[in-house]
Amino acid sequence: MVTVKINGKEITVEDNTLILDAARHAGYEIPTFCYQADLVGIGSCRMCLVEIEGQKKLQPSCVTPVLHGMSINTETSTVMSARASMLEFLLANHALDCPVCDKGGECELQDMVYKYGPHKGRHAEPKFKFQEKDYALSPVIIKNSNRCVQCMKCVRVCREVVGANVLGALGRGDHQEETSFFRHFLDCDQDGNCIEVCPVGCFMRLPYRYKTRPWDLKGADTVCQWCGTGCRMVIEERDGILIRSKAQMGVGLNSETLCARGRFGNDFMTRAERLKTPLVRRFGKLEPASWQEALAVIKENVPSDGERIGGIASPRLTNEELYLFQKLFRTIFGSANIDSSSRWGSDAVEAFAKAASMDAGGVSVFDCMETDTVLIIGSHVSDENPVTDYIIGQGRRAPRIDHTLP
Amino acid sequence: MEKVILKNLGKPDSHKLENYVASGGYKAIQSALKMRPDNIVQMVKDSGLRGRGGAGFSTGLKWSFIPKDPTIQKYLCCNADEGEPGTYKDRGIMDNDPHILLEGMMITSYAIGASVGYIYIRGEFVFGAKRLEAAIDEAYAKGYLGKNIFGSNFSLDIYIHRGYGAYICGEETALLESIEGLRAQPRKKPPFPALAGLYGKPTVINNVETLACIPAIIEKGPEWFSKMGPEKSPGPKIFCVSGHVKKPGLYELPMGTTVRDLIYNHCGGMLTDKPLKAVIPGGVSAPLLTARELDTALDFDSLAAKGSMLGSGAVVVMDESACMVKSAYIINRFFSHESCGKCTPCRDGTPWLTRVLKRIEHGEGRPGDIELLESLCTNIFGRTFCPLGDGAVMALRGHLKNFREEFQFHIDHKRCMAS
Amino acid sequence: MLSEEAKKEIEKALRKYPNKRSAVMDALRSAQKARGGHLEKADMDEIAVILEMQAVEVNAAAAFYTMYNIDKPVGKYHIQVCRNISCSLMGAEHIIKHMERTLNIKTGETTGDKKFTLSTVECLGSCGTAPMMQINDDFHENLDEAKVEEILKGLE
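Predicted, not measured: the structure shown is a model, and the values here were computed from it. All residue numbers refer to positions counted from 1 along the written sequence of the respective chain. Going through the entries in the order they are written, you letter the chains from A and number the ligands from 1. Per-residue local features are limited, in this predicted model, to residues with pLDDT of at least 70; the limit for side-chain atom pairs, both in listing and counting, is 80 or more; totals at the level of whole chains, interfaces and linings are taken over all residues. Computation of side-chain values: all heavy atoms of the structure, hydrogens and water removed.

Draft legend 1. Highlighting the pattern of salt bridges. Any carboxyl oxygen of Asp or Glu within 4 Å of a side-chain nitrogen of Lys or Arg constitutes a salt bridge here. This structure, assessed with the given rule, holds 56 salt bridges over all chains. When the shortest N-O distance is used, the salt bridge between Lys-246 of chain A and Glu-236 of chain A registers 3.3 Å. Pair noted here: Lys-246 of chain A is in strand E13 (residues 241-246) and Glu-236 of chain A is in strand E12 (residues 232-238), with a separation of 10 residues, a long-range link. Here Asp-348 of chain B and Arg-347 of chain B are joined by a salt bridge, their closest N and O atoms 3.4 Å apart. Between buried and exposed lies partly exposed: a residue is buried under 20% and exposed over 50% of the maximum accessible area for its type, with that area taken using a 1.4 Å probe on protein chains only. According to the relative accessible area criterion, Arg-347 of chain B is buried, its value standing at 2%. Each of the salt bridges in this network shares a partner with another, and the network as a whole consists of Glu-106, Glu-236, Arg-244 and Lys-246 of chain A. For helices the rule is a DSSP run of H or I covering at least 4 residues; for strands it is a run of E covering at least 2, with both sets numbered from the N terminus onward.

Draft legend 2. Examining the interface of chain B and chain C more closely. Listed per partner, the contact involves 54 residues of chain B and 38 residues of chain C. Defined in terms of a 1.4 Å probe, buried area is the accessible area two parts forfeit on being brought together, summed over both. Across the chain B/chain C interface, buried area totals approximately 3800 Å², and carbon plus sulfur atoms make up 60% of it. When the area that chain B buries against chain C is broken down by residue, the three leading residues are Glu-124, Tyr-164 and Arg-333 of chain B, summing to 19%. If you look at where chain B meets chain C, you find three salt bridges. The partner of Arg-333 of chain B in a salt bridge is Glu-122 of chain C, and the shortest N-O contact between them spans 2.9 Å. Each polar contact in these results corresponds to two N or O atoms within 3.5 Å; when the atoms are within protein, one needs to be able to donate a hydrogen and the other to accept it, and residues that are neighboring in sequence are counted only if both atoms are side-chain atoms. At the junction of chain B with chain C, the criterion picks out 20 residue pairs in polar contact (both at pLDDT 80 or more). Ranked by residue count, the leading element in the side of chain B that touches chain C is helix H13 (residues 324-338) of chain B, at seven residues. Any two residues whose heavy atoms approach within 4.5 Å at even a single point are treated as in contact.

Draft legend 3. How the structure looks around the sheet that holds strand E6 (residues 135-136) of chain A. Residue and element names in this part refer to chain A. The strand order across the open sheet built from three strands is E6-E7-E10, with neighbouring strands paired in antiparallel fashion. The sheet terminates laterally at E6 and strand E10 (203-205), the two strands that pair on one side only. Across three bridges, the pairing between strand E7 (residues 141-143) and E10 is antiparallel. Within the sheet, the bridge partner assigned to Ile-142 lies in E10 and is Met-204. Here, any two strands with at least 2 DSSP bridges between them count as paired.

Draft legend 4. Region of interest: the interface of chain B and chain A. If you look at the interface, chain B gives 33 residues, while chain A gives 35 residues. Linking Asp-174 of chain A and Arg-355 of chain B is a salt bridge whose minimum nitrogen-to-oxygen distance equals 3.4 Å. Counting every contact that joins chain B to chain A gives 19 residue pairs in polar contact (both at pLDDT 80 or more). Counting only elements with at least two residues in the side of chain B that touches chain A, the list comes to H13, helix H14 (344-361) and helix H15 (369-380) of chain B. The element best represented in the side of chain B that touches chain A is H14 of chain B, accounting for 10 residues. Partitioning the side of chain B that touches chain A into residue classes produces 11 nonpolar, 11 polar and 11 charged. Here the term charged refers only to Asp, Glu, Lys and Arg, the term nonpolar to Ala, Val, Leu, Ile, Met, Phe, Trp, Tyr, Cys and Pro, and the term polar to all other amino acids, Gly among them.

Draft legend 5. Summary view of the environment of Ile-105 of chain C. Residue and element names in this part refer to chain C. Examined against the element boundaries, Ile-105 turns out to sit in the loop between helix H6 (92-103) and strand E2 (116-121). For the pair Ile-105 and Glu-150, spaced 45 residues apart in the sequence, the C-alpha separation amounts to 18 Å. Excluding anything up to four places from it in sequence, Ile-105 contacts Glu-100, Thr-110, Thr-111, Phe-116 and Leu-118.

Draft legend 6. Molecular detail of unusual backbone geometry. Residue and element names in this part refer to chain A. For the peptide bond that leads from Gly-117 to Pro-118, omega is 0 degrees, which places it in the cis range. If you trace the backbone, Pro-118 turns up in the loop between helix H3 (108-116) and E6. A positive phi angle, close to 70 degrees, is found at Met-152, a residue other than glycine. Checked against the element boundaries, Met-152 lands in the loop between E7 and helix H4 (153-162).

Draft legend 7. Structural detail: the nonpolar core. One finds Tyr-26, Trp-63, Leu-101, Leu-102 and Ile-119 of chain B to be the most contacted residues of the largest nonpolar core, which totals 73 residues. If one sorts the elements of this core by residue count, helix H6 (residues 98-112) of chain B sits on top with nine residues. By nonpolar core is meant a set of buried Ala, Val, Leu, Ile, Met, Phe, Trp, Tyr and Cys residues that side-chain atoms within 4.5 Å join together. Phe-181 of chain A, Ile-179 and Cys-346 of chain B together with Ala-62 of chain C belong to the second-largest nonpolar core, a separate cluster that totals 71 residues.

Draft legend 8. Layout of the sheet that holds strand E9 (residues 314-319) of chain B. On the basis of which strands lie adjacent, the open sheet formed by five strands has the order E6-E5-E9-E7-E8 (chain B) and mixed pairing. The two strands at the open ends of the sheet, each matched to only one other strand, are strand E6 (249-254) and strand E8 (289-290) of chain B.

Draft legend 9. Region of interest: the packing of aromatic side chains. In this scheme Phe, Tyr and Trp rings, the latter by its six-membered ring, pair at centre separations within 6.5 Å, and the angle between planes marks the pair as stacked below 30 degrees, edge-to-face above 60, and tilted otherwise. Under the criterion given, the structure shown has 25 aromatic pairs over all chains. Measuring from ring centre to ring centre gives 5.8 Å for Tyr-118 of chain B and Tyr-159 of chain B, while their planes differ by 35 degrees; the resulting arrangement is tilted. Note that Tyr-118 of chain B is positioned in strand E2 (residues 116-121) and Tyr-159 of chain B in strand E3 (residues 157-162), a separation of 41 residues in sequence. Between Phe-125 of chain B and Phe-139 of chain C the ring centres are 6.4 Å apart and the planes differ by 65 degrees, which places this aromatic pair in the edge-to-face class. A residue pair is termed interchain when its members come from two chains, as with Phe-125 of chain B in the loop between E2 and helix H7 (126-142) and Phe-139 of chain C in strand E4 (residues 138-140). Across this residue pair, the class does not change: Phe-125 of chain B and Phe-139 of chain C are buried.

Quick look at the structure:
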C-alpha cells in the first residue's frame, strides 16, 4: 500500500495505482479522453495533467503510478489552465457543427468545454477538413473525422478488447485519421464498439442518425436476450419506439461492449409484426386473445397432476426470470420437470463437466481466464456469444495461450 | 587539432574496408575484445562522452543501465535518422567512413552484450544506406561481423533498417516502434529502453557520431578524451555549418569552440559583407543567438546557460538579409509537418502556430498576434508527450525574444523589415 | 501482384528481424519501387498476407511516412526540392519558382508526359551544400539556375 497526498488530503491506495484512479478514489474528478481502464494507457490527450510537487512539468495522471509520499495537486490554477488549453487545441480543428451532430447533448468534449473552458475562441484560421461529407464504414457505422479528438479509443477497443483489429490511424500530425483500410467498408462483425467508446460525434450509429436528441430519450437498464452471455445494457425509447441500446462502462460483465445483435438488433421490440397479445388456437387457427382469456385456457388444460406437466426454459432468460419460471412450476403446477436447452449438449460435454468436477455449478467466465487452458466444446463462441468471445480473446491476447476446439 | 571522427574524410575511397584498416581501423575492436565488457563501459563513463544526438546524456551511464544477465537478448540501435534541419554530420560519416561507425557499434555491442545491432537510417539517405550495406558486406566477408568475430567468443549481426520520411523517428522510442513495423509514435517512459526497448528487450540507442567516438576512446584512453574541451562536455564535436558563411561544411573541433571562432576562423567569415544577424547553434530546435553572443562556447553547458542548446551541433548562420518572421515560419512549419499526432498540444498546437506565423509572414498579421503566439507557446511547452513540441516552442521563443520588433513591423506594415 | 523481385526482397528483409511485422517498411519500399514510385491498395493487401498483418495496419504504417506515395503516382523523375531553413537562406524559393517555370507545372504536380513530378520537402540533411534537391535516389547540391537547367537536360 502507498500513502500519498492529493490536494492536501492523505489517502492510502494499492501499489501501482494510477494517480488518476487515486484522485478519483479521493473524490476529485480528473477529465480525460484517452484513458479507459481496460485499455493500455497511452497518455496522449493530456487532459489529465496534474502537478506533482517537486516535478517541474505537469504529469499525465493516467499513466503515472503513485509513489510513496507523493504530493499531488489536481485543482491548481496551472492544472485548470492546462485543461482549458488542451480543450482549446482540440477545438482549434474541431468541426464545431454541434447543432447537427448526433452526439450533441451527450458529448464529452461539449461537457468538458462547458466545465473547464475556454469560453472564448481564439482560433481564427481556416480549419483542416478531412472530408466534406460523412462516410459510412458499414451499414450501421457512419464517420465524421472532422470531430475526432484523437483519443484512439476506437482503434484500441477494436484491437485490444474486440480483437477484430480492423481500425487504424492513417496519416500523422493533425491529419491523423482513425479509420478503416483505405476508408472502405469494415471487414468485421459490425459490433459498433468503436461507436460506444467514441467520446464525440466521430463514430456514429447510422440507424440512430437524426432520429432524436439524447435528452428526449427514456432509458431502462436491462439484460440483452440475444444469447446466454447476459450483457447488461440500457435500451432507450422515444414515444414508445425503441431508438437504441447501449452498454455502460463498468456495468455488467460486458462493460462497454455489446455485439452487433445487442447493439443494433433490438428494434424488433417495437416492430408492428411483434406479438403483443397472447394467441389462443380456436378451431385450428391462432387468434389474438386477452390475457384473461389465455389464462383461462391454460387453467382449463393444465393437468392437476404435476407429474404430467413439464417446462422448458429458454437459455437466454436471465437468472431472475429462470427463478420465477421454476417457482411457477414448482409451487403452482407442483411439477419438478424443468429443463433448459442450454443443457442439451453432447454426452461428451456432460462427461467432461463431470470429470472436471464442474457439474456442481459454474464458474464465471473471468475465473476461466485465470486458468492455463480454456477448452470450448460444442459452441462457436465468436458467432453465438460474441461478448464472451471478447473476454476469452482478451485472455488469449494477454498472451496466456489457450486453445479453441471446434 | 588532430581529427578523430572525420580523420578519413576527403581521403580517396575512404569508405572501403582496406583503407579504413590501413588508417589504423579495426584495431580498437580487437583490443576491446580482450577487455572485460564492464571495463569498457567504465572507460566510456570516464571519458565523459555525452550523446551527440542532441540530449547530451552520458553515454557510459546509458550503457551501464543494461542488465548484466547474459541470458537476456539485448540490442544496439544506431540512430542515423538525421533529420533536424541544419544537421548533416551523420550523413558525412556514413557516406565517407562507414567502417568507423561499424567498429563503434561492434565495441558498444560487446560492452553491453548485444548480439544484434540495427542502424536506423533515414530513407532519403539512399547513398549512405548503400555505402553502409557495402561496408557491412565487406565486414562479414572478412569475419569482422557474424560468428566469433576476430576469433573471439563474441558474435554480432548488424542490419540496416531504412526509415521512410518521419523526423519523429529520431526520438529513440519512436525509432523502436518504427523498427517493429508500427507507426513511429513515441512510447511512454518508463519503462526505459535500457530495460524494455526493442521487442521488449534491453536496448541501447546511440547516435552515429557518438558511436564513431568509441574506437578512439578505446585506443587513446578515456583520459585523452576527457581532457579535450570543457570538463563537463569533453571530446571532439562535429559542427555542421550552413547558411550565410563563406565555407559551410562539417568541422570537427574540440567541444567549447566559440561561435565566433567557428564562423570567422574556420568557415572564412560571412558570405557577403552583410553583417551577422543571428546564429542557430544546435539545429532548429535550439533558440538562436544574436550577434552580441558570438563568444558563447559551443558545448552542452555553455549553451544551456545562454538559454539555448548544443543539440545536434548544426550551426545555421544568418546575415542581415534574413527575415526572422520567415525563419520562424519555416522552422515552425517543419515541426507541425513532423508532429506525429499522438498528443494534443503538439498535434493541434504546432499547426496553429504555423497558421498564425504564415499570416504574419504574408502580410496578414493582426494586432495581438504576438501575444497569441506567446500564449500558445506557454500552452504547449512542457505539456507534450515528447520533446518535439518543446523544440517547436523553443525555436519560436528564441525568435520572439530577440527579434520581437521584426514581428511587430510585419504586423504593422504588412511587409518585411529585412528586405 | 507484387513482382517476383519485390517478393524476393521481402523474403530477404524478413531475415533481419525476429518478427514479420518489422519487415513492413522494407516491403512497402520494394512494392513502391516495383510499381514505379507509388503504392496501391492491392500492394498493401498482399503485404498484409505475407507479413501476417491486418491490411489496415499496413495502411497505417505506410501512411505515417511521407516517402510512401499512396495512390499518388509520380513521374519518372520525382524532383524533391528542399525548402527548409538552410536551403531557404540560400535561395530555395528561387529554385522552386525556376523549376515551376521550366517544367510548366506547380509544386505537387506531374508534367503531362509523366516525366517529372515536382515536390518540396523539409530538410534532406544536406544543409552545407544548400540549396539542394533530390531526384529519385540522388542528391543534387549547390544549385543555381544554370545547374538546374543542366541537370534537367541530362534526364532522359
